[in-house]
Amino acid sequence: MDKINSQKPCLVNARQGVSVFYKERFLYSKYCPEKSILDCISNFTVLPDTLILLFSPCLFLGINELLAKLNENCFLLALEDEQPLYGLAETQILKLNLPANLLKLS
């Protein structure tokens, strides 16, 4: 792997898609970043009046599939604790045309 500045999140090409490299590790799979997320989403049912918390969502992989499963009275809140990852997630919100108030910095 080429020299990467791991002190700020970097998008890196994976075999299938894009991953994030940060603090000397991949935050998603370096092979197929969306697979485990999409598998998880497809295997659960969202009950009415559910609050879903997304911790450190970074790229918001699988967000459209998750939003499609939400009932009318469900809520989704994305939380990020680290400013560099918050900035990356905020960029993704704009790219994906998601509501700006979806993400909160904790």
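Here, every reference points to the structure presented above.
Residues numbered from 1 in each chain as written. Predicted model: local features only at pLDDT ≥ 70, side-chain atom pairs only at ≥ 80, totals over all residues. Heavy atoms only, no water.

**Describing the pairing of strand β4 (residues 51-55)**
The condition is simple: Note on classification: 1.4 Å probe, protein chains only; a residue is buried when its accessible area is under 20% of the maximum for its type, exposed when over 50%, partly exposed between these limits. Numbering of helices and strands runs from the N terminus; a helix is a DSSP stretch of H or I covering at least four residues, while a strand is a stretch of E covering at least two. Here, strands pair whenever DSSP counts at least two bridges between them.
The side-chain alternation of β4 yields one buried face, formed by Ile52 and Leu54, and one unburied face, formed by Leu51, Leu53 and Phe55. The pairing of β4 with strand β5 (residues 75-80) spans five bridges and is parallel. Counterpart to Leu54 in the pairing with β5 is Ala78.

**Regarding the state of the cysteines**
The condition that has to hold: By definition, disulfides here are pairs of cysteine sulfur atoms that lie within 2.5 Å.
Scanning the model with the defined rule gives zero disulfides in all. With no disulfide of its own, Cys10 lies 12 Å from the sulfur of Cys58, the closest cysteine sulfur.

**A short note on the pattern of salt bridges**
Worth spelling out the cut-off: The salt bridge criterion pairs a side-chain nitrogen of Lys or Arg with a carboxyl oxygen of Asp or Glu, the two atoms within 4 Å.
In this structure the tally under the stated criterion is two salt bridges. Asp39 is the partner of Lys35 in a salt bridge, and the nearest nitrogen-oxygen pair spans 2.8 Å. Of the two residues, Lys35 and Asp39 both sit in helix α1 (residues 35-42), four residues apart, roughly one turn of that helix.

**A word on a nonpolar patch on the surface**
Note the following rule: Each patch groups residues whose relative accessible area exceeds 30% and which form no salt bridge, using 9 Å between like charges and 5 Å between nonpolar side chains of Val, Leu, Ile, Met, Phe, Trp and Tyr. The method behind every accessible area is Shrake-Rupley, applied with a 1.4 Å probe, and residues are considered shielded solely by the protein chains displayed.
Together, Leu51, Leu53, Phe55 and Phe75 line one region of the surface with nonpolar side chains, adding up to about 460 Å² of accessible area. Per-element accounting of the nonpolar patch gives the leading share, three residues, to β4. Position of Phe55 relative to the elements: it lies in strand β4.

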